[in-house]
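Secondary and tertiary structure notes
Each chain, written out:
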Amino acid sequence: MDIIIITGASKGIGLELAAQLKRQGKQVVGIARTNPEFDDDFIEMDLAETELLPTRMFEIIEKYFDQAASFTLINNAGIVDPIGIVGHIEAEMIERALAVNLTAPMIFANSFISRLADFKGTKKIVNISSGAGRNPYEGWGVYCTTKAGLDHFSRVVDLEQQSAEYPVQIASIAPGIIDTGMQETIRSSEASNFPLLDRFISYKEEGRLSSAEETARKLIAFLERDFKEAGGPILDLRHI
């Protein structure tokens, strides 16, 4: 049995990933603040409550350990807020973004690797990153920083796993610009907070956004590959 754990599985790419993988017969465990389809294999929790995450990851792995041929963790959950120029951002919003976008994926990856250290089957971690982690954008100081941190964390884990007896493959992959709720949030921001607002509005108007369905399909195809052969650990879905 292939076990796939997906954070942010209630909407956007995460929801589409879960739906497509289930149709393939995978055992999907979704994690998000809401359970839109009332799925029994869905865990409702706020990733900002980081103190709860290690126990929850251990519980998931314990439930399926004896049946599993593989485990995959997809750290997909992310928030683009706060959008704003540094010096004009609420501290509480910075703290929440760091928790959801960076601290939670790090804790989940740490717990995943720890509990599965002696597991001999296939183990993979996919961190959903962004071009914003590789290029600076005015108004996205917090978002860019969290995604850059996720990329570098992935580099470190990849290096460490090279000496592990049963290594975990890891990749931090930017999926491109997707037509999801996050893009709606971006387009509804104030130009004073996000100088690139007009550019992102034009992406929508000109039909330059990828669909969540197509992006999920490409990500699932990537999951079947050896991450090293794909050029990991830092990747762009549009170029593999």
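Let me sum up the structure you'll find in this document.

Points about the overall build of the protein
Per the secondary structure count, the protein includes seven helices and seven strands. For the protein, the succession of helices and strands along the chain, N to C, is β-α-β-β-α-β-α-β-α-β-α-α-α-β. Taking 240 residues into account, the globule formula puts the C-alpha radius of gyration at 18 Å, and the protein, at 17 Å, falls close to it. Across its three principal directions, the C-alpha atoms of the protein cover 55 × 35 × 35 Å. Counting only residues that meet the buried cut, the protein has 49% of its 240 residues in that class. Contacts spanning at least 24 positions in sequence make up 68% of the contacts within the protein whose residues lie at least 6 apart. Of the roughly 11600 Å² of accessible surface on the protein, a fraction of 48% belongs to carbon and sulfur atoms.

Digging into helix 1 (residues 12-23)
Each α-helix winds once per 3.6 residues, and so residues spaced three or four apart point in a common direction. Helix length check: helix 1, at twelve residues, gives a terminal C-alpha distance of 17 Å against a target of 16 Å (1.5 Å per residue), a fit within 8%. Among all positions of helix 1, only I13, G14, L17, A18, Q20 and L21 are buried. For helix 1, the secondary structure elements touched by its buried residues are strand 1 (2-7), strand 2 (27-32), strand 4 (70-75) and helix 7 (212-223). Taken from the residues just after helix 1, G25 is the one with a positive phi, measuring 90°.

Some thoughts on the pattern of salt bridges
Tallied over the entire structure, the rule returns eight salt bridges. A salt bridge links R96 to D46; the shortest N-O distance between them is 3.1 Å. Highlighted residues: R96 in helix 3 (residues 91-115) and D46 in the loop between strand 3 (42-44) and helix 2 (53-64), separated in sequence by 50 residues. One salt bridge in this structure joins R217 and E214, with 2.6 Å as the shortest N-O distance. Residue R217 and its partner E214 are located together in helix 7, separated by three residues, close to a single helical turn.

Regarding the packing of aromatic side chains
Taken as a whole and assessed by the stated rule, the structure comprises five aromatic pairs. Consider the rings of F71 and F119, whose centres lie 5.2 Å apart with planes at 75°: the pair is edge-to-face. On the criterion of sequence distance, the pair formed by F71 in strand 4 and F119 in the loop between helix 3 and strand 5 (122-128) is long-range, its members being 48 residues apart. Summarising the burial analysis for this pair, F71 and F119 share the class buried. Relative to Y143, the ring of W140 lies with its centre 5.3 Å away and its plane at 70°, an arrangement referred to as edge-to-face. Classification of W140 by relative accessible area gives buried; the value is 5%. Site record: aromatic cluster; members linked through ring pairs are F65, F71 and F119. It is R115 that lies over the ring of F65; its NZ or CZ is 4.5 Å from the centre.

A look at the side chain of N75
One can find N75 in strand 4. Using a relative accessible area of 2% as the deciding quantity, one classes N75 as buried. Within the structure, the side chain of N75 is placed 2.9 Å from the side chain of N127, a separation counted as a polar contact. With residues up to four places along the chain from it excluded, the contact list for N75 reads T7, P105, F108, I125, V126, N127 and I128.

Reading the values: the criteria
- Residues numbered from 1 in each chain as written.
- Predicted model: local features only at pLDDT ≥ 70, side-chain atom pairs only at ≥ 80, totals over all residues.
- Heavy atoms only, no water.
- Helix = DSSP H or I, 4+ residues; strand = E, 2+ residues; numbered from the N terminus.
- Rg over C-alpha atoms; globule rule 2.2 N^0.38 Å.
- Buried < 20%, exposed > 50% of the residue type's maximum accessible area, 1.4 Å probe, protein only.
- Contact = heavy atoms within 4.5 Å.
- Areas by Shrake-Rupley, 256 points an atom, 1.4 Å probe, with all protein chains shown as cover.
- Expected span 1.5 Å × (residues − 1).
- Salt bridge = Lys/Arg side-chain N within 4 Å of Asp/Glu carboxyl O.
- Phe/Tyr/Trp six-rings, centres within 6.5 Å; stacked < 30°, edge-to-face > 60°.
- Lys NZ or Arg CZ within 6 Å of the ring centre and 35° of its normal.
- Polar contact = N/O pair within 3.5 Å; in protein donor to acceptor, adjacent residues only side chain to side chain.

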